[in-house]
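What the coordinates show
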Amino acid sequence: MNPKLLPILERIIARETILLSFHADRLPQSALAYVRQNYVMDSFLSDDEQDLIETLAPFADDIADSFRAGTGGDDSVYHLFDDGSLWLKTNAYSSIWTDARDFAVEIILPRMTLSRMDAQLLRAIDMDDAIDGVRQDFFTAFAGVLHRECHIAHCDARGHWDAFTRQLGDGQREIIEFGGTETGESEGQSFAESFTTKA
């Protein structure tokens, strides 16, 4: 990195809340991409300083993958970079993380539910076991309701779920299962109601 960039980056960090925890000489790729995108044409900087910001690597050079919500008016996106850092952009705010795995552990996993975008990120950073855990929570809750309401053995619950959702596509089923315990219970109640009606 050009040493002339350091004082410029320090000034930017001082005014950007999401960058305050970083040092100018150790910014992850996600933070550098954020700076380049937001300051390359910003009047906060002189023309010469903007030219220096433009020497930072273009966004596309360091991006490993992007995962979008793509639902309704939600323009949220996770940008995962080659160095493992993450830039989360939503309609309301941005967040920069040095390590996407830290973001997953601190933000995604405590919710105990996943969006499709969350799952794509978890797969990309080799945290498939976390996805399996949320889906297991779903099946445990679903099986509990079936056992309580319909006297169906826990071991048979998954087969009943497969039959109950055969008209859904895999993507639709997956989204329901990503709801964890909460959707497991609500889907179990729906199944129990239809099971009682048929009986």
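Now for a quick tour of the structure. Worth saying up front: this structure is predicted, and the values here are computed from it rather than measured. (Residues numbered from 1 in each chain as written. Predicted model: local features only at pLDDT ≥ 70, side-chain atom pairs only at ≥ 80, totals over all residues. Heavy atoms only, no water.)

Regarding helix H7 (residues 128-150)
In this model, H7 (23 residues) spans 32 Å end to end at C-alpha, consistent with the 33 Å of a helix rising 1.5 Å per residue. For H7, the complete set of buried residues consists of Ala130, Ile131, Val134, Phe138, Phe139, Ala141, Phe142, Ala143, Val145, Leu146 and Cys150. Immediately downstream of H7, the backbone of His151 shows phi near 60°, a positive value. (Helix = DSSP H or I, 4+ residues; strand = E, 2+ residues; numbered from the N terminus. Expected span 1.5 Å × (residues − 1). Buried < 20%, exposed > 50% of the residue type's maximum accessible area, 1.4 Å probe, protein only.)

What to know about the nonpolar core
Core analysis: the biggest nonpolar cluster contains 23 residues, and Leu9, Ile12, Leu19, Leu27, Val35, Ile53 and Ile96 have the highest contact counts within it. Secondary structure elements with two or more residues in this core: helix H1 (5-15), helix H2 (29-39) and helix H3 (47-53). The element contributing the most residues to this core is H2, with 6 residues. (Core = buried A, V, L, I, M, F, W, Y, C linked by side-chain atoms within 4.5 Å.)

A word on the packing of helix H5 (residues 100-108) against helix H6 (residues 116-124)
Helix-helix packing is characterised by the crossing angle of the two axes and by the distance between the axes. Packing of H5 against H6 brings their axes to within 10 Å, and their N-to-C directions diverge by 140°. The pairing of H5 with H6 is recorded here as oblique in orientation. In this structure, H5 crosses over H6, and the sense of that crossing is left-handed. The residues of H6 that touch H5, namely those facing Phe103, Ala104 and Ile108, are Asp118, Leu121 and Leu122. Residue composition of the contact of H5 with H6, by class: 5 nonpolar, no polar and 1 charged. (Axes fitted to C-alpha atoms, helices over the stretch in contact; angles between N-to-C directions. Parallel < 35°, antiparallel > 145°, perpendicular 65-115°, else oblique. Left-handed = near helix turned anticlockwise from the far one by under 90°. Contact = heavy atoms within 4.5 Å. Nonpolar A, V, L, I, M, F, W, Y, C, P; charged D, E, K, R; others polar.)

Re the packing of H7 against helix H8 (residues 157-164)
At a closest axis distance of 9 Å, the pairing of H7 and H8 adopts a crossing angle of 95°. Taken together, H7 and H8 sit at an angle that is classed as roughly perpendicular. Residues Gln136, Phe138, Phe139, Phe142, Ala143 and Leu146 of H7 touch H8, and the partners they reach there are Ala157, Arg158, His160 and Trp161. The residue makeup of the contact of H7 with H8, split by class, is 7 nonpolar, 2 polar and 1 charged.

Looking at the side chain of Asp118
One can find Asp118 in helix H6. In this structure Asp118 comes out as buried when scored by relative accessible area, which is 3%. Ignoring sequence-local partners within four residues, the contact set of Asp118 consists of Tyr78, Ile108, Arg111 and Thr113.

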